[in-house]
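# Architecture at a glance
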Amino acid sequence: MSRSAPSKVLIAFSSILLAHACYSAHEHSLLSTVLQSATPSAAGTPTTGSSLPLDITLETLVSVALLLVGIVSSGWELKPISLRKYAGLLESGQIVPDGMDAKSAKGKKKGLFDGLEERPGFLDIRKQRKEFADWIKQQDDS
Amino acid sequence: MAQVVGQQILRDPALFYWILFPITVVMILTGVLRHYATLLLQSAPKPLDAKAIREQKNYLHGINLRGNANQIPLSSFTTRKNYLVAAYQAGSFLKDPDAKNKPPPNPMSDPNGMDQMMNMMKGNMMMIVPQTVIMGWINAFFSGFVIMKLPFPLTIRFKSMLQSGVMTRDMDVRWVSSLSWYFLCLFGLRSVFTFILGNDNSADQTMAQMQQMNPQQNTQQLFGPGQDPAKMYLAEAENLEVMVQHEFVLDGIEDRVLATV
Amino acid sequence: MSLTSYLSRFVAASTHPSPAESLSLSQLAPSILNLTISDTPEQWSLYESLLLSALRTGDDTSARLVLQRLSDRFGNSNARIMALQGMYDEAIATNHAQLEQVLKNYDDVIKDDPTNVPIAKRRITLLHHLNKKPEAIAALTALLDLNPTDAEAWAQLAQYYFEIAMYSQAIYCLEEVLLILPNAYNVHARLGEINYIVADSGGGGGKESILERLEASLRWYLRSVELCDGYLRGYYGIKMVTAKLMQTKASGQRTIAEEKVNKLNSVATVHLNDIVSGHEKGKKEFVGYDSVEVAAAKELLAADDSST
């Protein structure tokens, strides 16, 4: 997941902006309640919540928008969706199918339809056993 | 904004220890018990016999041929089409070819359908029986108790939900009666069960494992009960017969490859 | 090492691993058997692969132990366990009579339950191993009559027919596989190969027929390349068939113009060159190719160079 530098900066900046907006909103609500209790004459008008100053609202919206843009443009590699590409990458061993880590699969290709050629249901175990025994014998001889 | 001073009701703390707590614990325990009882009662779906498998798979064969006809040359397609249409019309893949002209069997008398219904019955019984018992128990012992106060205000609409069994008109909606606590537990404990029983599907998980161990024995039914395979075969034969258009994918492949590669 | 890392090592190996690979997999047996049994699907599929590699390398004691644990968990009547048990019996059989006994056991199981597909497949494999090819083919066709949507069985039948040189039947079977899995590019390449072999062995009469076969073969190969970018086997086939087509001075009606054949030949050459040189230099995009296949491609390219 490689992220390009500009989008990293964008994400960091907009996150700070969003945090700042949250903090401002919190401070504002705190301030208004303190003022309210200090001046009981103003208690008749409900002021909480709805009267957030315009600049805080704007700051929130802008920071969220920027954050979205940053995340979207951070551009991690997408998996190919066309079979042709995907199968090609599998065949050349550049990607491995899910459930396999790249390390243990190194130097091994794994096609999409290998099962049709390997046919595990029809595995001739005696033949493979014999092949292995022959191989061992060969190893011992040499 | 007139500040309403909440109703004050003095509750015996014993109410908490002897009613609220027991109801909750009993509800959780029955949930766990029901889970394992369901597991025990669940009978594995009966595997299909050879003839039924043959009937279903050969039907699928026709569908595959129709769907992927363009993958094979025209001559190969025509051979297969002629063979399948003839076989479908003759009904040679049917489980019992004699039943071709009989009316479809009553789903109630179909043993497979009975099996399914039995399973459904079992599941329902596992839900209904403990619920009735516990509700009876609560009604008998704890009806009319106000056992807790919610920490937040609610509108009057919730009164019937939260105060069933307590017939007081003026009481604040925040007070909850014992019977209502039972209902709240009944519907609200799902996430608790997921937590206790490991995603609430330790049953499903074992089933999935068994299925993984024998993927060949698929037991799902292609033909639902009440559907007549003979008629479906005839319809499929007709579908195949009217397929006149055949565009072999390999036609013009050299140009496509030269254009893209 | 954890369970998942063991599992991915086994998944990475194919069902036909090289002897050295089998050996290294089989040597994992003691440490895998010492892991606590966690009763997860991964654990059991790991056991299954371990059983196979233990049988391959002749580590019968580990195989016995793994099989025992599997049958303790899933029961002896589970179809898949029965097949594994059968495979174990096949592997440890020392003489012909014992194999016949295993075969007889299979027959009994099939008689009791004709829907036991894993055992049916074991039986077919054993029949084929005992060189009873007609019986194996008959049993396989019976299995396919029961379930004509089993791609693996069709592919196996194609292989059996191919071995006894009944090419048109083999082609028929592979076409059936395509009806089930229309994107199986290796089946397309296989069809190309069989058509090429038919053309090579005389094509069943007439010069025109050979030309048709070659063109059909080329088309199947092209389709495999169209479905899978950079498919070495496909490009190899294209190169081979186009070279043959250029040599053939057949009078028959060509459906693919000669200039296109030439172009396809050069396209395939370019791709093969890329793959071979990339693989030799160890470039990241090409290391995954099978070394044996790359060597064959290199040979083909060299032969082509020397002939022109």
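For every chain, the first residue of the written sequence is number 1, and numbering continues from 1 along that sequence. Chains carry letters and ligands carry numbers; both start at the beginning, A for chains and 1 for ligands, and go up in the order they are written. pLDDT decides what is reported in this predicted model: residues at 70 or higher carry local features, side-chain atom pairs at 80 or more are listed and counted, and totals for whole chains, interfaces and linings draw on all residues regardless.

In the annotation of an unreviewed UniProt entry, chain B is listed under the name ER membrane protein complex subunit 3 and assigned to Orbilia brochopaga. UniProt positions are given in the numbering used here, feature names are shortened, and annotations may be inferred rather than shown by experiment. Per UniProt, chain B has the following entry under Subcellular location (unreviewed entry): "Membrane". In its Function (unreviewed entry) section, the UniProt record describing chain B reads: "The EMC seems to be required for efficient folding of proteins in the endoplasmic reticulum (ER)."

The annotation that UniProt attaches to chain A under Sequence similarities (unreviewed entry) is "Belongs to the membrane magnesium transporter (TC 1.A.67) family." Taken from UniProt, the Subcellular location (unreviewed entry) comment for chain A reads in full: "Endomembrane system".

## Describing the overall build of chain A
Each helix is a run of DSSP H or I of at least 4 residues and each strand a run of E of at least 2, with the numbering of both proceeding from the N terminus. Counting secondary structure elements, chain A contains five helices and zero strands. Ordered by position from N to C terminus, the α and β elements of chain A give α-α-α-α-α. Burial in this document is a count-based property: other C-beta atoms within 10 Å of a residue's C-beta are tallied, and the residue is buried at 20 or more, exposed at 12 or fewer, or partly exposed in between, with C-beta positions derived from the backbone. In chain A, which comprises 142 residues, the share counted as buried stands at 17%. When contacts within chain A are restricted to residue pairs at least 6 apart in sequence, those whose partners lie at least 24 apart make up 66%. In this description, any two residues whose backbone-derived C-beta atoms lie within 7 Å of each other are considered to be in contact.

## Observations regarding the overall build of chain B
Summing up its helical and strand segments, chain B has ten helices and two strands in all. Secondary structure elements of chain B, listed N to C terminal, follow the sequence α-α-α-α-β-α-β-α-α-α-α-α. Residues classed as buried in chain B amount to 20% of the 261 residues present. When contacts within chain B are restricted to residue pairs at least 6 apart in sequence, long-range pairs at least 24 apart make up 76% of them.

## Considerations on helix 14 (residues 232–247) of chain C
All names here are of chain C. Each residue after the first adds 1.5 Å to the expected span of a helix. The end-to-end C-alpha separation of helix 14 is 23 Å, in line with the 22 Å expected for 16 residues at 1.5 Å each. Burial within helix 14 is extensive, with twelve of its 16 residues counted as buried. For helix 14, the set of buried residues is Leu232, Arg233, Gly234, Tyr235, Tyr236, Gly237, Ile238, Lys239, Met240, Val241, Thr242 and Leu245.

## Describing the interface of chain A and chain C
Tallying the contact residues gives 39 residues for chain A and 45 residues for chain C. Those elements that place two or more of their residues in the side of chain A that touches chain C are helix 3 (83–91), helix 4 (115–118) and helix 5 (125–141) of chain A. For the side of chain A that touches chain C, the class distribution of residues is 13 nonpolar, eleven polar and 15 charged. Ten residues, namely Ala, Val, Leu, Ile, Met, Phe, Trp, Tyr, Cys and Pro, are considered nonpolar, four, namely Asp, Glu, Lys and Arg, are considered charged, and the remaining ones, Gly among them, are considered polar.

## Some thoughts on the packing of helix 5 (residues 60–74) of chain C against helix 6 (residues 79–92) of chain C
Residue and element names in this part refer to chain C. Across the interface, helix 5 lies against helix 6 with an axial gap of 10 Å and an inter-helix angle of 160°. What the angle tells us is that helix 5 and helix 6 run roughly antiparallel. Taken as a pair, helix 5 and helix 6 cross one another with a handedness that is left-handed. Contacts from Asp60, Ala63, Leu67, Leu70, Ser71 and Phe74 of helix 5 reach helix 6 at Ile81, Leu84, Gln85, Tyr88 and Ile92. Broken down by class, the residue content of the contact of helix 5 with helix 6 amounts to eight nonpolar, two polar and one charged. For helices, the axis comes from a line fit to the C-alpha atoms of the stretch in contact; other axes are also lines fit to C-alpha atoms, and the angle between any two N-to-C directions lies between 0 and 180 degrees. Reported orientations rely on four angle classes, namely roughly parallel under 35 degrees, roughly antiparallel over 145, roughly perpendicular from 65 to 115, and oblique for the rest. If you view the pair so one helix is near and one far, a crossing is left-handed when the near helix is turned anticlockwise from the far one by less than a right angle, and right-handed when it is turned clockwise.

## Describing the UniProt feature "transmembrane region" (unreviewed entry) in chain B
All names here are of chain B. The UniProt entry lists residues 15–33, 127–148 and 179–197 under the feature "transmembrane region" (unreviewed entry), expressed in the numbering used here. Between the end C-alpha atoms of residues 15–33 the distance is 26 Å, and the span holds 100% helix and 0% strand. Overall, residues 179–197 shows 89% helix and 0% strand. The separation of its end C-alpha atoms is 26 Å.

## Side note on the interface of chain C and chain B
The partner chain B presents 29 residues to the 30 residues of chain C that form the contact. Mapped by element, the contributors of at least two residues to the side of chain C that touches chain B are helix 4 (41–56), helix 6, helix 8 (117–129), helix 11 (167–180), helix 13 (207–227) and helix 15 (258–281) of chain C. The residue makeup of the side of chain C that touches chain B, split by class, is 19 nonpolar, four polar and seven charged.

## Notes on the confidence of the model for chain B
All names here are of chain B. Confidence of the prediction at every residue is given by pLDDT, a number between 0 and 100. Of the residues in chain B, 80% have a pLDDT of 70 or more, and the chain-wide mean is 78. Ranking the helices and strands of chain B by mean pLDDT puts helix 3 (residues 74–90) first, with 91, and helix 8 (residues 202–213) last, with 44. Per-residue pLDDT stays below 50 along residues 200–219; that stretch engages in 24 contacts with residues further than four places along the chain or on separate chains. In the predicted assembly, ipTM is 0.82 and pTM is 0.76.

## Quick notes on the packing of helix 2 (residues 50–67) of chain B against helix 9 (residues 229–241) of chain B
All names here are of chain B. The N-to-C vectors of helix 2 and helix 9 enclose an angle of 20°; their axes lie 10 Å apart at closest approach. The pairing of helix 2 with helix 9 is recorded here as roughly parallel in orientation. Crossing angle aside, the handedness with which helix 2 passes helix 9 is left-handed. Residues Glu55, Tyr59, Gly62, Leu65 and Arg66 of helix 2 form the contact with helix 9, whose participating residues are Pro229, Met232, Tyr233, Glu236, Asn239 and Leu240.

## Brief notes about helix 1 (residues 13–41) of chain B
Residue and element names in this part refer to chain B. The end-to-end C-alpha separation of helix 1 is 41 Å, in line with the 42 Å expected for 29 residues at 1.5 Å each. At Phe21, helix 1 shows its largest kink, close to 30°, and the proline Pro22 lies no more than four residues downstream. Looking only at helix 1, the buried set comprises Ile19, Ile23 and Met27. Note on bend: the value at a residue is the angle between axes fitted to the seven residues ending there and to the seven starting there.

## Quick word on the nonpolar core
Nonpolar core, as used here: buried Ala, Val, Leu, Ile, Met, Phe, Trp, Tyr and Cys residues forming one set through C-beta atoms within 7 Å. Judged by nonpolar contacts, the single largest core of 121 residues is most densely connected at Leu51, Leu55, Leu140, Leu157, Leu174, Val177 and Ile238 of chain C. For this core, the element with the highest residue contribution is helix 13 of chain C, accounting for ten residues. Leu140 of chain C has contacts with Ile124, Ala153, Gln156, Leu157 and Tyr160 of chain C, leaving out every residue within four places of it along the chain. If you look at the next biggest cluster of nonpolar residues, it comprises 16 residues, including Ile19, Phe142, Phe145 and Leu179 of chain B.

## Notes on unusual backbone geometry
All names here are of chain C. Of note, Asn131 is a non-glycine position whose phi angle comes to about 65°, a positive value. Along the chain, Asn131 falls in the loop between helix 8 and helix 9 (133–146). Residue Ala165 is not a glycine yet carries a positive backbone phi of 65°. When you line up the elements, Ala165 lands in the loop between helix 10 (151–163) and helix 11.

## Comments concerning the confidence of the model for chain A
Residues and elements named next belong to chain A. Averaged over every residue, the pLDDT of chain A is 79; the share at 70 or more is 80%. Averaged over each element, pLDDT in chain A is lowest for helix 4 (84) and highest for helix 2 (residues 54–73) (92). Residue range residues 42–49 is modelled with pLDDT below 50. Its contacts to residues more than four positions away, or to other chains, number six contacts.

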